[in-house]
Amino acid sequence: MPESIQERQDALRAKFASFTDADGKWEYLLGLARNHKGMDPALKAEKFIIQGCASTMYLVPNFNGEIIHFEMDVEGGTTNPLISRGLGALALQIYNDQTPSAILSVNPEFFRDIGLNVGLSPTRSNGFASLVKQIYLYARVFDALSKR
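Bear in mind that the values here come from a model prediction, so they are computed numbers and not experimental data. Within each chain, residues carry numbers counting from 1 in the order of the written sequence. Under the rules for a predicted model, residues below a pLDDT of 70 receive no local features and side-chain atom pairs below 80 are neither given nor counted, while totals for whole chains, interfaces and linings still include all residues. In computing side-chain values, all of the structure's heavy atoms are included and hydrogens and water are not.

Undergrad: Account for the pattern of salt bridges, naming residues and giving values.
TA: Salt bridge, as applied in this entry: a Lys or Arg side-chain nitrogen positioned within 4 Å of an Asp or Glu carboxyl oxygen. Per the stated rule, a full pass over the model turns up 6 salt bridges. A salt bridge links R13 to D10, with the shortest nitrogen-to-oxygen separation between them at 2.9 Å. Of this pair, R13 and D10 both sit in helix α1 (residues 5-17), separated by 3 residues, roughly a single helical turn. Relative accessibility thresholds used throughout: buried, under 20% of the residue-type maximum; exposed, over 50%; partly exposed, between the two (1.4 Å probe, protein chains only). Residue classification places R13 among the partly exposed positions, given a relative accessible area of 35%. Look at D10 and you get partly exposed, because its relative accessible area is 37%. A salt bridge links K147 to D143, with the shortest nitrogen-to-oxygen separation between them at 3.0 Å. Since its relative accessible area comes to 13%, D143 is described here as buried. A run of DSSP states H or I qualifies as a helix once it reaches four residues; a run of E qualifies as a strand once it reaches two. Both are numbered from the N-terminal end.

Undergrad: Explain the packing of aromatic side chains to me, using residue names and the numbers behind them.
TA: Only the six-membered ring of Trp is used, alongside the rings of Phe and Tyr, when aromatic pairs are assigned; centres must lie within 6.5 Å, and planes under 30 degrees apart are stacked while those over 60 apart are edge-to-face, with the rest tilted. On inspection of all chains with the given rule, the structure shows 10 aromatic pairs. Centre to centre, the rings of F70 and Y138 are 6.3 Å apart; their planes meet at 45°, and the pair counts as tilted. Pair noted here: F70 is in strand β2 (residues 68-74) and Y138 is in helix α6 (residues 122-146), with a separation of 68 residues, a long-range link. Judged by relative accessible area, F70 falls into the buried class, the value being 1%. Among the residues examined, Y138 registers a relative accessible area of 14% and is labelled buried. Centre to centre, the rings of Y95 and Y136 are 5.4 Å apart; their planes meet at 80°, and the pair counts as edge-to-face. Of this pair, Y95 sits in helix α3 (residues 82-95) while Y136 sits in helix α6, and the two are 41 residues apart along the sequence. In this structure Y95 comes out as buried when scored by relative accessible area, which is 0%. Owing to a relative accessible area of 8%, Y136 belongs among the buried residues under this scheme. Taken together, the aromatic side chains of Y95, F110, F111, F128 and Y136 make up a single cluster linked through ring pairs.

Here you go:
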């Protein structure tokens, strides 16, 4: 069974606590961006664009009746904009391959609690909030569908 969201959050909380300065956080996000496999370009449809994000970010859900698997990428892939892509990859580290009810049971304020909002431009902060909001919207829809 995959790690719980709480276990994933605890690991990231420890990771972010280990950074001695803000540069460590940004280097980590850039590394996540570079290592993120992206997604099949055929999935990049307008209906999957995250609204409110300065970059063109796609989030595609796949619900198999139990867990939600997300595909995410930012237009430009590994070259531009890396911070947005890293933020998306970070969100997937928490929420990917979880049940809708597990996602809905945790507070999305976790990212603020680890200091992720500090140093983000207002545009990136709003875009990241939009991404997390969209993840929770998908979770609500799939949770309702699974209870039918």
